[in-house]
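# Coordinate inspection notes
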Amino acid sequence: MHVTRRFVPFFSILLSLLIFLSPAYAEEEKNWTKQFQTQIHSWIDTLALRDAEFKQWKNAKTDVQTLGANQHQWLVSITQSGKQVGYLVVGELPSPKGAEKFVLLEYGVGEYILFDDAFAPREIAAEPVYDGFASHWLLTQNPASQMVNAKTGESYPADFTANDPVMNTLSADELVHDGERLTQTRVLKQNEGSPFDQISWVHDLYDATDVTWSQLWQQKESDPITLTVPMHHSQVLAPFVVGSLHLWNDQYAYVGVWDEGLRFVPYSYAHKVGHFHVNETSSPSE
């Protein structure tokens, strides 16, 4: 009996290895990779075609890395002539038909991407954790875990903790998925600006009125809009200037904010985690 028990783990590992190396598994993996690559390049092409900010994405190269263990999320970094020009964050959700469905969680244009190696912590036990604006590396090697901002490389105090994730609560109906095309764009702030260039939003923090997608779409470029996002149990407040709006297939809404380049997230996500503030000299029109 003792001999049998000693060999059970070995046979389990061997069986898993045989399954992994089986022709059926290899073919399935090949098909998945082909579908994934086809989809991300479809999104890249439509962005390059429909929005001048993304014109450098035409014929760009891509590199894919997994975000976290068993999260079904991938970071696609996009380079042109050896220079970083943007990124996609792609997720995978089950569809009603049982097949997996690729969804576009976030995308950005510019040389600074999420989870950039240039800002990555040097600790071995640094796990990438994706959740929109709250994305971070989680350092677990120290006695107390610590977070490092995935966009800037800024270390948060050790006593800061993350909120429950929000991005993974969105349904496929709120996200761009397979085959969707960018159909409408709207520029609200052409050049990158600081949210502190005008601070009327500060007075609106505790009395913010709800701003719908329709109201956002109707704003003029002369009416600055700020998105404020409390994070880590309100220990951090991140303000962003809204720069651009995207509508996919005339129904899937994404908001682009200036954050070392334009960074687009689903409107439904931004509406859940933050508040939009319109310059006090104007008000959203119906």
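Residues numbered from 1 in each chain as written. Predicted model: local features only at pLDDT ≥ 70, side-chain atom pairs only at ≥ 80, totals over all residues. Heavy atoms only, no water.

Each helix and strand counted, the protein chain has five helices and 14 strands in total. The long-range share in the protein chain, meaning contacts at least 24 apart out of those at least 6 apart in sequence, stands at 59%. Carbon and sulfur atoms make up 53% of the accessible area of the protein chain, which amounts to about 15,600 Å² in all. (Helix = DSSP H or I, 4+ residues; strand = E, 2+ residues; numbered from the N terminus. Contact = heavy atoms within 4.5 Å. Areas by Shrake-Rupley, 256 points an atom, 1.4 Å probe, with all protein chains shown as cover.)

Below, the discussion takes up the confidence of the model for the protein chain. Taken as a whole, the protein chain shows an average pLDDT of 85; of its residues, 84% reach a score of 70 or greater. This stretch, residues 1-8, has a pLDDT under 50; its non-local contacts, to residues over four places away or in other chains, come to zero contacts. Here residues 282-286 scores under 50 on pLDDT; set against residues more than four positions off or in separate chains, the count is eleven contacts. (pLDDT = per-residue confidence, 0-100.)

Mapped onto the elements of the fold, D116 is located in the loop between β4 (100-109) and β5 (126-129). Excluding residues within four positions of it along the chain, D116 makes contact with E111, W137 and A150.

Next up on the list: the packing of aromatic side chains. According to the stated counting rule, one finds 19 aromatic pairs in the structure shown. Taken together, a centroid distance of 5.8 Å and an interplanar angle of 40 degrees make the contact between F133 and Y269 tilted. With F133 in the loop between β5 and β6 (136-139) and Y269 in helix α5 (residues 267-273), this residue pair connects regions lying 136 residues apart in the sequence. In this structure, F133 and Y269 share a single accessibility class: buried. Here the aromatic residues F54, W57, Y107, W248, Y254 and F264 are joined through ring pairs into a cluster of three or more. (Phe/Tyr/Trp six-rings, centres within 6.5 Å; stacked < 30°, edge-to-face > 60°. Buried < 20%, exposed > 50% of the residue type's maximum accessible area, 1.4 Å probe, protein only.)

Positionally, T183 belongs in strand β9 (residues 182-187). For the pair T183 and R50, spaced 133 residues apart in sequence, the C-alpha to C-alpha distance is 7.4 Å. Setting aside chain neighbours within four positions, we find T183 in contact with R50, L247, W248, N249 and D250.

Before going further, it helps to spend a moment on the pairing of strand β3 (residues 83-94). Every other side chain in a regular strand lies on the same face of the sheet, so the side chains alternate between the two faces. A large share of β3 lies buried, amounting to nine of its twelve residues. The turn linking strand β2 (residues 73-80) back onto β3 is made up of two residues, and S81 within it adopts a positive phi angle of 55 degrees. (Pairing = 2+ DSSP bridges.)

Now for unusual backbone geometry. Even without glycine at this site, H233 takes up a positive phi of about 55 degrees. Since its relative accessible area comes to 48%, H233 is described here as partly exposed. Non-glycine residue E260 carries a positive phi angle of around 55 degrees. Mapped onto the elements, E260 comes out in the loop between β12 (252-258) and β13 (262-266).

In spatial order, the strands read β5-β6-β7; together these three strands make up an open sheet with antiparallel pairing. Each edge of the open sheet carries a strand with a single partner, namely β5 and β7 (146-149). Averaged over all neighbouring strand pairs, the angle between strand axes comes to 30 degrees, with direction disregarded. As judged from the four bridges shared by β5 and β6, these two strands associate in the antiparallel manner. Paired with E127 across the strands is L138, a residue of β6. (Axes fitted to C-alpha atoms, helices over the stretch in contact; angles between N-to-C directions.)

What the second largest pocket holds in volume is close to 330 Å³. Along the walls of the second largest pocket sit 22 residues, with N149, T152, A238, F240 and D259 positioned nearest its centre. In terms of residue count, the dominant contributor to the lining of the second largest pocket is strand β11 (residues 236-248) (six residues). Counted by class, the lining of the second largest pocket contains twelve nonpolar, four polar and six charged residues. (1 Å grid on protein atoms, 1.4 Å probe; cavity = no way out; pocket = protein on both sides within 12 Å on 5 of 7 lines; lining within 4 Å. Points joined across faces, edges and corners; volume = space filled by probe spheres on them. Nonpolar A, V, L, I, M, F, W, Y, C, P; charged D, E, K, R; others polar.)

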